[in-house]
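Spelled out, the chains give:
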Amino acid sequence: MSDFSLELKKAVKGEILEGDSIPAKLLTDFVGTLKGHADVYLKASGRDDVVAAVKLAHRFKVPVVVRSGGTNLVGATVPEGGLVLDVSGMNKVISFDEPTMSITVEPGITLKDLIAYVESRGYMYPPDPAEKLGTIGGNVAMNSGGMRAVKYGVTRDYVLSLDLVRPDGEVVTFGRKVRKNATGLNLKECVIGCEGSLGVIVSVTLKLVPLPEYSLSAILAYHSLEEGIKSVNVILGAHLDPTAIEFQEKKVIAYGEKYLGAEFPVPSAVAYLIVTFDGTKDSVLERLEKCESVVKKNGAFEVVPLTDPELAAKVWEIRGALARAVKATGPWEPVDTVVPLDEIAPFVASVNQISEDEGVRIVAFGHAGDGNVHLCVLKDQISDSEWPARLDRVLRLVYQSAYDKGGMLSGEHGIGKAKRRYYLEHANKDERELMLKVKAAFDPENLFNPHDGYTL
C-alpha cells in the first residue's frame, strides 16, 4: 500500500479500492474497447472528499482521471495509472432558484433526473443528449450537445457558473447567476469541454427556460438518406424554427427495434428525419403543416405526426437507444464528426463510398439540424487480427473527409484517448500551443487527464 493510499484513507469518507480490486467497468468508457488501469479508485462522498483527494494527489504527484456516469464514448475516463476520482455519488439538487430561472446541482446528477425535477416545476433544461443516464458534470466537461441544439444550443449555452476544484486542491468559482458577462476573460468557458483536464467540477448552476406549452414531433420518411439530408436545408430555409432535426438510416433503426422489441413507423422507408417543433399549440400545428407541405415537394413520401404520446415515446426511445443497440451487436467504433450544413449530404455520400471501398459497414444517424453526423463503424465478421488496421484506415479517411469539407472530428463527444491520434494530425499548431498554455496555468504538474485529447 502506497503512502498516497494510506493518507487518502485517513482523509476521506468515500469508498476506496486499490489495484486489482478495482472493477474493469470503472477503468473504461461506454464503448469498452480501451482498457485502463489505476492504482486507486475513490467514490467521493462529497465536496470535502474531492478537495482532500486532489490536495493529496497534488502533494504526491499522482495523476487523476475524473469519472462520473461513465457514458462517454471516446475514452476520456480511461486512466493510465494514478487515481480514478468518481463523483457519481454527488448527485443532489443544491438549490432551485425560480426568480433567476436557474438550478444548482452536484456533478453526479443524471440528465434524466434533472429533466424530471425541472419539468415538474414548469421549466425546461434545453440541452438534450440522447444518453439520459449521463451526468451533468460529464455533460459540462464534454460540452455535450444533443437533439435540441438546432434551436436551443448546447450545454455551454446553459452554464451560468460552476465550482471547480483546481489541480492544487483549491476551490474556485467561475461565473455567477447572470445572463451576460463581459467582465474579463470568461474562464468558465475554458472548463466547459475541457474533458476533465483542468480540475474537478463539484457544482454547476444551470440556466432554465419556461417549459413550452406544446411540443410535437413527426417522422418524415424517404426512399434514400440523400433525399432526407437534402431536406434539412429546405426545412431550415422555410423559417419553421424546428427544435430538433434528427436523421437516421433504416438499417440503424433496425438495431434499435431489435434491441427494444419495438417497431418504428413507416417500415418501408430507407431513411428518416424526425422533426420536432415546440411553442404554442397553434404555432406548432401551423409549422408542422407547412413542414409537411415543403418536404413532400422535396422527397418525403410520408409524414407521420406523433400525436399519440405512446408512439412518440417509443420513437424517441428507439432513437435514444441506438448506441446501446449497436453496441449489443459486437465490436464497433462511434464517430461524431461535424460539418457545415451545406456539406452534410456530400459528407455522408463520401462516408458511403469509404464504406464500399474498404469493405467495412458504416451506419449513419445524427443531428442533421446542426451538421453533427454520427457514424457507427461495425466490425462484423472482420477478424480480430485485421480489425485494428482496417478501423484505423477507415477513421483516417472519414476524418480527412470531414476536414476537407470544412468540418472537425467531434461535434459533441470530445477527443479523449480514442480520437487523440487523429486530432493531433489535424490540430492547428498555434491553437494547440495556446491550449497547452491554458492547461499549464491550471495544472502546471500536468496531473489531470494527462494523456487525453489536446494534452501532452
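The shown structure was predicted, so the numbers you read here are calculated from the model rather than taken from an experiment.

**Student:** Summarise the pattern of salt bridges; cite the residues concerned and give the values.
**Tutor:** For the coordinates displayed, the defined rule picks out 25 salt bridges. The residue Glu-18 makes a salt bridge to Lys-9 at a minimum N-O spacing of 3.1 Å. You can call Glu-18 partly exposed: its relative accessible area is 22%. Of the charged contacts in the structure, one is a salt bridge between Arg-396 and Asp-392, with a shortest N-O distance of 3.0 Å. With Arg-396 and Asp-392 both in helix α13 (residues 387-404) and 4 residues apart, the pair spans about one turn of that helix. Salt bridges here are not isolated pairs; linked through shared partners, they connect Asp-392, Arg-396, Arg-421 and Glu-425.

**Student:** Got a sec to walk through the pairing of strand β8 (residues 159-165)? Specific residues and values, please.
**Tutor:** Of all the 7 residues making up β8, 7 are buried; the element is thus mostly covered by neighbouring parts of the structure. Pairing of β8 with strand β10 (residues 200-207) involves 6 bridges; the strand directions are antiparallel. Within β10, the residue paired with Asp-163 across the bridge is Ser-203. The pairing of β8 with strand β9 (residues 171-175) spans 5 bridges and is antiparallel. Opposite Asp-163, over in β9, you have Thr-173 as the bridge partner.

**Student:** How would you sum up the sheet that holds β9? Please name residues and give values.
**Tutor:** If you trace the 5 strands from one edge of the open sheet to the other, you get β5-β6-β10-β8-β9, paired in antiparallel fashion. The sheet is open, and its two borders are formed by β5 (93-97) and β9, each paired with just one other strand. Strand-to-strand twist in this sheet, taken as the mean axis angle between neighbours without regard to direction, amounts to 10 degrees. One ladder, built from 4 bridges, connects β5 with strand β6 (residues 102-105); its direction is antiparallel. Residue pairing for β6: Ser-95 is matched across the bridge by Thr-104.

**Student:** Pulling in residues and values, what's your account of helix α15 (residues 429-442)?
**Tutor:** Note: α-helices contain 3.6 residues per turn, so residues at a spacing of three or four share the same orientation. In this model, α15 (14 residues) spans 20 Å end to end at C-alpha, consistent with the 20 Å of a helix rising 1.5 Å per residue. Regarding α15, the residues found buried are Arg-432, Leu-436, Lys-439 and Phe-442. Angular distribution of buried residues about the axis of α15 spans 120 degrees; they occupy a single face of the element. Seen from the buried face of α15, the exposed residues on the opposite side, beyond 90 degrees, are Asp-430, Leu-434, Lys-437 and Ala-441. Its buried side turned inward, α15 meets β8, β9, α6 (188-191) and α14 (420-426).

**Student:** Outline the packing of helix α1 (residues 3-11) against helix α2 (residues 47-60), listing residues and values.
**Tutor:** Contact geometry for α1 and α2: axes closest at 10 Å, N-to-C directions at 160 degrees. With respect to each other, α1 and α2 are oriented roughly antiparallel. The element α1 and its partner α2 pack so that their crossing is right-handed. Across the interface between the two elements, Asp-3, Phe-4, Glu-7, Leu-8 and Ala-11 of α1 pack against Ala-52, Ala-53, Leu-56, Ala-57, Arg-59 and Phe-60 of α2. Its residues assigned to classes, the contact of α1 with α2 shows 8 nonpolar, no polar and 3 charged.

Quick notes on the rules
- Each chain has its residues counted from 1, following the order in which its sequence is written.
- Selection of residues for local features in this predicted model requires a pLDDT of at least 70, selection of side-chain atom pairs for listing and counting requires 80 or more, and totals for whole chains, interfaces and linings are taken over all residues.
- With hydrogens and water excluded, all non-hydrogen atoms of the structure serve as input to the side-chain values.
- Salt bridge, as used here: a side-chain nitrogen of Lys or Arg that lies within 4 Å of a carboxyl oxygen of Asp or Glu.
- Think of it in three bands: with a 1.4 Å probe and only protein chains considered, a residue is buried below 20% of the maximum accessible area for its type, exposed above 50%, and partly exposed in between.
- Per the convention used, a helix needs a DSSP run of H or I reaching at least four residues, while a strand needs a run of E reaching at least two, with both numbered from the N terminus.
- At least two DSSP bridges between two strands are needed for those strands to be called paired.
- Lines fitted to the C-alpha atoms define the axes, with helices restricted to the stretch that makes contact. Angles between their N-to-C directions range from 0 to 180 degrees.
- In this analysis, the expected span of each helix is defined as 1.5 Å times one less than the number of residues it contains.
- This arc describes the spread of directions from the helix axis toward the C-beta atoms.
- Here a residue-residue contact requires only that any non-hydrogen atoms of the pair lie within 4.5 Å.
- Any angle from 65 to 115 degrees is called roughly perpendicular, while one under 35 is roughly parallel, one over 145 is roughly antiparallel, and all others are oblique.
- With the far helix as reference, a near helix turned anticlockwise by less than a right angle produces a left-handed crossing, and one turned clockwise produces a right-handed crossing.
- Polar here means any residue other than Ala, Val, Leu, Ile, Met, Phe, Trp, Tyr, Cys and Pro, which are nonpolar, and Asp, Glu, Lys and Arg, which are charged; Gly is therefore polar.

Geometry only, nothing functional implied.
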